[in-house]
Amino acid sequence: MRTSNPALKAFTKREGSYASKPMTLMGAINKSFLLLFILMTAAGAAWYYSAQGQDVTAIMIGGAIGGFIVALIVSFVPKTAPVLAPVYAVLEGMFVGGISAYYASLYEGIVMQAVLLTASVFLALLLAYRSRLIKVTRNFRLGVIAATGGIMIMYLLSFVLGFFGVTVPFLHDASPVGILISVAIVIVAALNLVLDFDFIENGSKAGLPKHMEWYAGFALLVTLVWLYLEILRLLAKLRRN
């Protein structure tokens, strides 16, 4: 039940003692791979329909909105993760598959490049974390969380202003500044993977409830999808430039 993560300490005091079976590292890894498989299957189906000439816009929008709603529920009520995490994987897979097909129609080979880069970043950071080249200190965690929050606020502001015909400068541009902004966002998204690795490791050591395996897999999937989409956008900017 010991952990250096103060958030996990508080969570363990509240729920950990009520778990009949504790969270395990292997259990979280298995759930993560299962959710990733579900997402890739759903994405493949959306891609297939797009390749057949079907309009997948409705699928993309439905997957994006549904995935966002489900993600909010799981984030605030982790006990729903065993049921809703697979639902999120399906919905997000629909969105990812549709938007990937769209980018593929504009830039040849861009999707495969984004997939390989995402996988490479994941493996590199996992290796760096396991070898302790990257240590998750309190300042590191606060810095990544603050940067992530700032990016989310910027995206929300851009979304709201878009209804009034106003665009956030450089955010969607293929200019050098716009590319640098995308690079910075990709770096922050990648560093969130380190926080996910830390959560899974410390959560298993702290003996969190069994359903937190699904929650850990869900959190990792959210970060991977975000990283993939940001890499896809960055590559598109580089192609346009």
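Before reading further, recall that the structure is shown in the block above.
Residues numbered from 1 in each chain as written. Predicted model: local features only at pLDDT ≥ 70, side-chain atom pairs only at ≥ 80, totals over all residues. Heavy atoms only, no water.

Enquirer: What exactly am I supposed to notice about the side chain of aspartate 196 here?
Expert: Counting through the fold element by element, aspartate 196 comes out in helix α7 (residues 176–206). For the buried residue aspartate 196, which engages in no salt bridge, the nearest side chain bearing the opposite charge is arginine 141, 9.9 Å off. Residues in contact with aspartate 196, not counting those within four places in the same chain, are Ala219, Leu220 and Thr223. (Helix = DSSP H or I, 4+ residues; strand = E, 2+ residues; numbered from the N terminus. Buried < 20%, exposed > 50% of the residue type's maximum accessible area, 1.4 Å probe, protein only. Lys, Arg positive; Asp, Glu negative; His and termini not counted. Salt bridge = Lys/Arg side-chain N within 4 Å of Asp/Glu carboxyl O. Contact = heavy atoms within 4.5 Å.)

Enquirer: What is the right way to look at the environment of glutamate 92 in this model?
Expert: Locating glutamate 92 in the fold gives a position in helix α4 (residues 81–106). C-alpha of glutamate 92 to C-alpha of alanine 236: the two residues are 144 residues apart in sequence and 21 Å apart in space. Sequence-distant contacts of glutamate 92, that is, excluding residues within four places in its chain, are made with Leu39, Gly63, Gly67 and Val225.

Enquirer: Please clarify how the pattern of salt bridges should be interpreted in this entry.
Expert: Pairs may arise between side chains of opposite charge once their charged atoms sit close together. Taken as a whole, this structure holds seven salt bridges when the rule is applied. The shortest N-O distance in the salt bridge between aspartate 198 and arginine 141 comes to 2.9 Å. Note that aspartate 198 is positioned in helix α7 and arginine 141 in helix α6 (residues 138–162), a separation of 57 residues in sequence. Owing to a relative accessible area of 17%, arginine 141 belongs among the buried residues under this scheme. For glutamate 213, the salt bridge is made with lysine 210, and the minimal N-O distance between the two is 2.9 Å. For glutamate 213, a relative accessible area of 0% puts it in the buried group.

Enquirer: It is not clear to me how the nonpolar core should be interpreted in this structure. Could you clarify?
Expert: One broad rule of soluble globular proteins: the nonpolar side chains tend to lie buried together. By size, the foremost hydrophobic cluster in this structure holds 66 residues, and its most contacted members are Ile110 and Leu193. Counting only elements with at least two residues in this core, the list comes to α2 (25–51), α3 (57–76), α4, α5 (110–130), α6, α7 and α8 (212–240). Looking at which element gives the most residues to this core, the answer is α8, with 18 residues. When neighbours within four sequence positions are excluded, leucine 193 is seen to be in contact with Phe122, Leu125, Leu220, Thr223, Leu224 and Leu227. (Core = buried A, V, L, I, M, F, W, Y, C linked by side-chain atoms within 4.5 Å.)

Enquirer: Is there a simple way to explain unusual backbone geometry in this structure?
Expert: A negative phi angle is the norm for most residues apart from glycine, just as the trans form is the norm for most peptide bonds. The phi dihedral of arginine 132 falls on the positive side, at around 65°, and the residue is not glycine. Overall, the relative accessible area of 38% leaves arginine 132 in the partly exposed class.

Enquirer: Is there a simple way to explain the packing of α3 against α4 in this structure?
Expert: To describe two helices that pack against each other, one gives the angle between their axes and the distance between the axes. Between α3 and α4, the shortest axis-to-axis distance is 8 Å and the interhelical angle comes to 150°. With respect to each other, α3 and α4 are oriented roughly antiparallel. Classified by chirality, the crossing of α4 by α3 is left-handed. For the pair α3 and α4, the contacting residues are Ile59, Met60, Gly62, Gly63, Ala64, Gly66, Gly67, Val70, Ala71, Ile73 and Val74 in the first and Ala81, Leu84, Ala85, Val87, Tyr88, Leu91, Glu92, Met94, Phe95, Gly98 and Ile99 in the second. (Axes fitted to C-alpha atoms, helices over the stretch in contact; angles between N-to-C directions. Parallel < 35°, antiparallel > 145°, perpendicular 65-115°, else oblique. Left-handed = near helix turned anticlockwise from the far one by under 90°.)

Enquirer: Would you mind showing me how to read α3 here?
Expert: Every α-helix carries 3.6 residues per turn, so stepping three or four residues along brings you back to the same face. With 20 residues, α3 extends 29 Å from end C-alpha to end C-alpha; this agrees with the ideal 28 Å at 1.5 Å per step. Within the sequence span of α3, burial applies to Met60, Gly63, Gly66, Gly67, Val70, Ala71 and Val74. On an axial view of α3, the arc spanned by its buried residues comes to 145°, and they lie on one face. Seen from the open side of α3, the exposed residues pointing more than 90 degrees away from its buried face are Ala58, Ile65, Phe68 and Phe76. Lining the buried residues of α3 we find α4 and α8. (Expected span 1.5 Å × (residues − 1). Arc of directions from axis to C-beta.)

Enquirer: Help me understand a nonpolar patch on the surface, please; the structure alone is not making it clear to me.
Expert: Taken together, the side chains of Ile61, Ile65, Phe68, Ile69, Leu72, Ile73, Phe76 and Val77 define a hydrophobic patch exposed on the protein surface, amounting to about 800 Å² of accessible area. Inspection of the secondary structure puts phenylalanine 76 in helix α3. Note on phenylalanine 76: relative accessible area 69%, which makes it exposed. (Patch = residues over 30% accessible without salt bridge, like charges linked within 9 Å, V, L, I, M, F, W, Y side chains within 5 Å. Areas by Shrake-Rupley, 256 points an atom, 1.4 Å probe, with all protein chains shown as cover.)

Enquirer: Please clarify how the packing of aromatic side chains should be interpreted in this entry.
Expert: Think of a pair of aromatic rings as described by two things: how far the centres are apart, and how the planes are tilted against each other in angle. For the structure shown, the criterion picks out eight aromatic pairs. Aromatic pair tyrosine 88 and phenylalanine 218: ring centres 5.2 Å apart, planes at 80°, arrangement edge-to-face. Highlighted residues: tyrosine 88 in helix α4 and phenylalanine 218 in helix α8, separated in sequence by 130 residues. Since its relative accessible area comes to 4%, tyrosine 88 is described here as buried. Relative accessible area serves as the criterion here: at 3%, phenylalanine 218 is assigned to the buried category. Connected via pairs of aromatic rings, a cluster forms that spans Tyr88, Phe199, Tyr215 and Phe218. (Phe/Tyr/Trp six-rings, centres within 6.5 Å; stacked < 30°, edge-to-face > 60°.)

All quantities given are derived from atomic positions and should not be read as evidence of function.
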